[in-house]
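The chain contents come next:
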Number of protein chains: 2
Amino acid sequence: MFSKACEYGIRAAVYIALQSLEGRRVSVNEIAEEIDSPIAFTAKILQQLSRNKVIHSVKGPTGGFEIERTDMDNLKLNMIVKAIDGDQIYVGCGLGLKECNEDKPCPLHDKFVAIRTDLRHMLESTSLYELATGLEVGLTYLKR
Amino acid sequence: MFSKACEYGIRAAVYIALQSLEGRRVSVNEIAEEIDSPIAFTAKILQQLSRNKVIHSVKGPTGGFEIERTDMDNLKLNMIVKAIDGDQIYVGCGLGLKECNEDKPCPLHDKFVAIRTDLRHMLESTSLYELATGLEVGLTYLKR
DNA sequence: CATTAATCGGACAAAATTGTCCTTTATTTG
DNA sequence: CAAATAAAGGACAATTTTGTCCGATTAATG
Ligand code: FES
Ligand code: FES
């Protein structure tokens, strides 16, 4: 469904959101540890998220990654997915035709679009804040 | 969503189904031509489908691939997807945890499972026959 | 029985994704 | 200002996925 990079990206963003709620800024090392991901690869992904303004980074001692509390409600999953995997998941044809096209649809078009639309709505409506709070109260996990 | 191999596999299977409805057996070359896919790679995928009894193959002159008319209604997309991509799409965690686990869910679990379940139902209920008939009447396309 | 047409299967090649390492840049602190 | 710390970024390596090639196998046909 999502690329590995995107999976790590979402897990990292949720962890950063959680820590930012407590006013903590976190390092790549801590993030990779807490979400159980390869450190250097995670660093690359965080760079992407930072460039795309999904998260905020600060260099130097006491630096690290954070997410502004005020942004958190408006930061939806689809922004992370778009930043990392692009919009193929939104516009691509389920059977791999050049593009999904209503006028010359593949045999699966109608059924595929229905599910893709649900997925899009889910990603567009789910905020990092929402996901972070589930973590906070111990209902959900970022590693196992 | 699906791998390239799986996309080609579904397109190929639908084309074979369509031709089988007209009593024709088709070669890899014809299939690859009609669904616009790399020939040798398509051949590999057809082997997989053949081994998994999704399609039937006949060697030698006049040989090729076909699908029994009697099977066609019962041949659902999920069999193709399982044969080629395995069941990761059915049991995998959306955020990449080792496995999807109700008891120690990732933050996205509930929302992800809802969509994954819809997808599963769609794949389990959609038959090759159904997809082939749409092609037959010119409503849908396998290449563009 | 020889020829030919087709899939099967293994080895290989190319490309994309995933992952690592190391140097540079920015920032804090003493 | 010097040292230490952390992200940025570029080059490279490993793995997986995608794709190719070619000989072996099977079956039909004259
Ligand atoms: S054309 Fe294939 S999903 Fe729309
Ligand atoms: S645990 Fe992540 S989707 Fe179920």
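Owing to the predicted nature of the structure, the values given are computational and were not obtained by experimental measurement. (Residues numbered from 1 in each chain as written. Chains lettered and ligands numbered in written order. Predicted model: local features only at pLDDT ≥ 70, side-chain atom pairs only at ≥ 80, totals over all residues. Heavy atoms only, no water.)

Time to look at the packing of helix H1 (residues 4–21) of chain A against helix H8 (residues 128–136) of chain A. For any two helices packed against each other, one specifies the inter-axial angle together with the distance between the axes. All names here are of chain A. Packing of H1 against H8 brings their axes to within 8 Å, and their N-to-C directions diverge by 75°. On the basis of the axis angle, H1 is roughly perpendicular to H8. Mapping the contact onto sequence places Ala13, Val14, Ala17, Leu18 and Leu21 in H1 and Leu128, Tyr129, Leu131, Ala132, Leu135 and Glu136 in H8. Residues belonging to the contact of H1 with H8 are distributed by class as follows: 10 nonpolar, no polar and one charged. (Axes fitted to C-alpha atoms, helices over the stretch in contact; angles between N-to-C directions. Helix = DSSP H or I, 4+ residues; strand = E, 2+ residues; numbered from the N terminus. Parallel < 35°, antiparallel > 145°, perpendicular 65-115°, else oblique. Contact = heavy atoms within 4.5 Å. Nonpolar A, V, L, I, M, F, W, Y, C, P; charged D, E, K, R; others polar.)

Around DNA strand D sit 26 residues, and of these Lys44(A), Arg51(A), Ser57(A), Tyr8(B) and Pro38(B) come closest. Between DNA strand D and the protein, one listed contact pairs a sugar or linking oxygen with a backbone N or O atom of Gly60(A) at 3.2 Å. Pro61(A) places a main-chain nitrogen or oxygen 3.3 Å from a base oxygen of DNA strand D. Elements with a contribution of two residues or more to the surface near DNA strand D: helix H3 (39–51), strand S1 (56–58) and strand S2 (64–66) of chain A together with helix H1 (4–21) and helix H3 (39–51) of chain B. By residue class, the composition of the surface near DNA strand D is 11 nonpolar, nine polar and six charged. (Near = heavy atom within 4 Å. Polar contact = N/O pair within 3.5 Å; in protein donor to acceptor, adjacent residues only side chain to side chain.)

The interface of chain B with chain A comprises 38 residues on the first partner and 38 residues on the second. With both sides pooled, the region where chain B packs onto chain A buries about 3,600 Å², and carbon together with sulfur makes up 67% of that total. Ionic pairing is found between Glu130(B) and Lys111(A), a salt bridge with its closest N-O pair at 2.7 Å. One can count 12 residue pairs in polar contact (both at pLDDT 80 or more) joining chain B with chain A. Within the residue set of the side of chain B that touches chain A, elements represented by two or more residues are H1, helix H7 (109–125) and helix H8 (128–136) of chain B. Ranked by the residues each element gives to the side of chain B that touches chain A, the list is headed by H7(B), at six residues. (Buried area = accessible area lost by both parts, 1.4 Å probe. Salt bridge = Lys/Arg side-chain N within 4 Å of Asp/Glu carboxyl O.)

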